[in-house]
Amino acid sequence: MEVLKLSELQVPAGLRFKADRVCPLMPDMKEVVAYLRNFQLDSDEKGALQKINTLIKESTLVITGGKGRSGYVAEIGARVLRTPTLQPFYYRDAGLPPLDQIKKHKTVALLISSSGTTGEMVQLARELKEIGVTIVGFTSFATSPLAKLSDLVVDLPKRPKSPEGTYFERQVVTADQPTMGDLPEEKALFYMYLLGNLLRDTPIKPDEEIRELQTWMDANREELKVMKNWLNAYWNSGILLVSKGCSNSVASMIANRGSHYQMNLRMSHDPTSPPLDRHELALIISGSADEEYGRLIEKIHDKMSLDLGTKKAMSAVVAVVGRKAGWLKTCDANLVLGGGNDDYRMIRDEKPQAFYFRAAVVLNILMRNIAAEKGLTKKYAELRHINI
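In this text the structure is predicted, and so the values were computed from the model without any measurement.

About the thresholds
- Each chain has its residues counted from 1, running along the sequence as written.
- Totals for whole chains, interfaces and linings use every residue, but because this is a predicted model, local features are given only for residues with pLDDT of at least 70 and side-chain atom pairs only at 80 or more, for both listing and counting.
- Side-chain figures throughout are based on the complete set of non-hydrogen atoms in the structure, without hydrogens or water.
- Working definition: helices are DSSP H or I runs of at least four residues, strands are E runs of at least two. Numbering for both runs from the N terminus.
- Burial classes: relative accessible area under 20% of the type maximum marks a residue as buried, over 50% as exposed, and values in between as partly exposed (1.4 Å probe, protein chains only).
- Contact definition: two residues touch when any of their heavy atoms are within 4.5 Å.
- Surface exposure here means Shrake-Rupley accessible area, sampled with a 1.4 Å probe, where a residue is shielded only by the protein chains that are shown.
- Each Phe, Tyr or Trp ring (for Trp, its six-membered ring) is paired with any other whose centre lies within 6.5 Å, and the angle between the two planes then decides the class: stacked below 30 degrees, edge-to-face above 60, tilted in between.
- By convention in these notes, a salt bridge is any Lys or Arg side-chain nitrogen within 4 Å of a carboxyl oxygen on Asp or Glu.
- Axis definition: a line fit to C-alpha positions, over the contact stretch in the case of helices; interaxial angles, taken between N-to-C directions, run 0 to 180 degrees.
- Working definition: roughly parallel below 35 degrees, roughly antiparallel above 145 degrees, roughly perpendicular at 65 to 115 degrees, and oblique for all remaining angles.
- Gly falls in the polar group here, along with every residue not listed as nonpolar (Ala, Val, Leu, Ile, Met, Phe, Trp, Tyr, Cys, Pro) or charged (Asp, Glu, Lys, Arg).
- A pair of strands is treated as paired once DSSP finds two or more bridges between them.
- Along the chain, pLDDT gives the predictor's confidence residue by residue, from 0 to 100.
- Crossings are sorted by hand: turned counterclockwise from the far helix by less than a right angle, the near helix makes the crossing left-handed, and turned clockwise it makes it right-handed.
- The definition of a nonpolar core used throughout is a set of buried Ala, Val, Leu, Ile, Met, Phe, Trp, Tyr and Cys residues joined through side-chain atoms within 4.5 Å.

## Digging into the overall build of the protein
Tallying secondary structure elements over the protein gives 14 helices and 13 strands in all. Among the 388 residues that make up the protein, the fraction classed as buried is 55%. For the protein, contacts bridging at least 24 residues in sequence account for 73% of all contacts bridging at least 6. Roughly 17500 Å² of accessible area belongs to the protein as shown, and the carbon and sulfur atoms make up 50% of that amount.

Structural data, given as structure tokens:
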């Protein structure tokens, strides 16, 4: 019996997953190398990393904070900075102690805002500073309100001009300047990964990590092209990002960016999101690639298929994971980025994983490339609050 993917029933025959006719190219590797070069740390940045490491090791409480994509980075940061003797808190965590308790600790706050004008982060920095908390600001603008409130400023990549208005205002009203794009958040995420390993006295050499990712992308061009084609094929009909645990924050970063490209994306961990529809693509994002996903795919193939007599149609499933797993052979495509745990446990003494950084960077590169091939002009990009 011939097996079709359900979206094949809804597109012209000439485009039925002849994806090489639609998105034939991967990003030029020269462009990829140039982009990854942004993550290399100079001597000042390496020095700042060591200073933050010392501040955290001397503290008894760590708080992370951010909004939007920066907020998702801060959530991951609260996870990867965890050690057997330190429990960091994301600023919206229910378990975060109240101010009168925070002031009893030796506290450091890592606050992320590309513009440095995000209202909540500026107010949070002001309140924490009043009670003696050491503020580390991750921002692209050294003269921003957040930078002025910070005891230590970590410089993030920036646009030539600071965006107008606050983050909250730009969420509601179209700005003259597009928002900051992917690079500031991705570099902040890279910092969190590096810090997590420094805290455990297992330092990662930044240049080696970037070279490893570059080598992986160069060696897996065909797999990247296939994944890109699947994303493009379901760009409008719908993609459900399937994740759990720390991967939820990566999925949120991808969904946030994809929505700016008018990509039809939903997240399984969003309580307002309905289950997978038959015409949608399921995109699994998982560092551990645990066996629960294998059982889930069996359920998808069982429940989300249609018998068409001589043909059978079923929903498509692709995966971006941190390690190899047997169930990947049941996927239509997969990317094994490395940097994931060897197993999955609900409670663990978890070493920071490179997967979260790699997944965000690789998927964002693929989406930007598709958006560019779809003819997303600079003017349209500005109206959509993005840069490509």
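There's more to say after this.
## A look at the packing of aromatic side chains
Each aromatic ring pair is specified by the distance between its two centres and by the angle formed by the two planes. Summed over the entire model, instances satisfying the criterion amount to 9 aromatic pairs. Ring centres 5.7 Å apart and planes at 70 degrees place the aromatic pair phenylalanine 355 and tyrosine 356 in the edge-to-face group. With a relative accessible area of 0%, phenylalanine 355 lands in the buried category. By relative accessible area, which is 5% here, tyrosine 356 ends up buried.

## Some words on the pattern of salt bridges
This model, assessed by the stated rule, comprises 13 salt bridges. Put simply, Glu209, Glu212 and Arg358 are held in one network by salt bridges that share partners.

## As for unusual backbone geometry
One non-glycine residue with positive phi stands out, namely aspartate 201, at about 60 degrees. Owing to a relative accessible area of 59%, aspartate 201 belongs among the exposed residues under this scheme. At alanine 289, a position not held by glycine, the phi torsion is positive, near 50 degrees. In this structure alanine 289 comes out as buried when scored by relative accessible area, which is 0%.

## Details of the packing of helix H3 (residues 69-80) against helix H11 (residues 247-260)
Interhelical geometry of H3 versus H11 gives an angle of 170 degrees and a closest axis separation of 9 Å. On the basis of their axis angle, the class for H3 and H11 is roughly antiparallel. Note on element contacts: H11 touches H3 through Ser249, Val250, Ser252, Met253, Asn256, Arg257 and His260, opposite Arg69, Tyr72, Val73, Glu75 and Ile76. Each residue belonging to the contact of H3 with H11 can be placed in one class, and the counts come to 5 nonpolar, 4 polar and 3 charged.

## Section: the pairing of strand E12 (residues 316-321)
Buried residues dominate E12, accounting for 6 of its 6 residues. Residues Ala316, Val318 and Val320 point to one face of E12 and Val317, Ala319 and Val321 to the other, with burial holding for every one of them. Across 6 bridges, the pairing between strand E9 (residues 281-286) and E12 is parallel. The residue of E12 that forms the bridge with isoleucine 285 is valine 320. One ladder, built from 4 bridges, connects E12 with strand E13 (residues 333-336); its direction is parallel. Each residue of the ladder has a partner; that of valine 320, found in E13, is leucine 335.

## Topic: the confidence of the model for the protein
Put simply, the protein has an average pLDDT of 83, and 79% of its residues get 70 or more. Long-range and interchain partners of residues 9-22, a stretch whose pLDDT sits below 50, account for 19 contacts in this model, where long-range means more than four residues apart. Per-residue pLDDT stays below 50 along residues 175-180; that stretch engages in 32 contacts with residues further than four places along the chain or on separate chains.

## Some remarks on the packing of helix H8 (residues 183-199) against helix H9 (residues 206-219)
Two elements in contact, H8 and H9, have axes whose closest approach is 11 Å; the angle formed by their N-to-C orientations is 120 degrees. By the angle class used here, H8 and H9 are oblique. Regarding H8 and H9, the two cross each other, and that crossing is right-handed. When H8 is examined against H9, the residues Phe190, Tyr193 and Leu194 are found in contact with a partner set consisting of Pro206, Glu209 and Ile210. Here the contact of H8 with H9 is composed, by residue class, of 5 nonpolar, no polar and 1 charged.

## Some thoughts on the sheet that holds strand E8 (residues 265-267)
Judged by pairing direction, the sheet is parallel, and its 5 strands sit side by side in the order E8-E7-E9-E12-E13 without closing on themselves. Both edges of this open sheet fall to E8 and E13, since each of them pairs with a single strand only. The mean inter-strand angle of the sheet, taken between neighbouring strand axes irrespective of direction, is 20 degrees. Two strands pair when backbone bridges link them, and strand E7 (residues 239-242) and E8 are joined in this way by 3 bridges, in the parallel orientation. Bridged to isoleucine 239 within E8 is leucine 265. Of the strands in this sheet, E7, E8 and E9 are in contact with H11, which crosses E8 at around 160 degrees.

## Re the nonpolar core
Ranked by size, the top nonpolar core spans 98 residues in total, and within it Leu110, Phe138 and Leu241 carry the most contacts. In terms of residue count, the dominant contributor to this core is helix H13 (residues 355-373) (13 residues). Counting residues in each nonpolar core, the second largest holds 17 residues, with Leu240, Val242, Ile297 and Val317 among its members.

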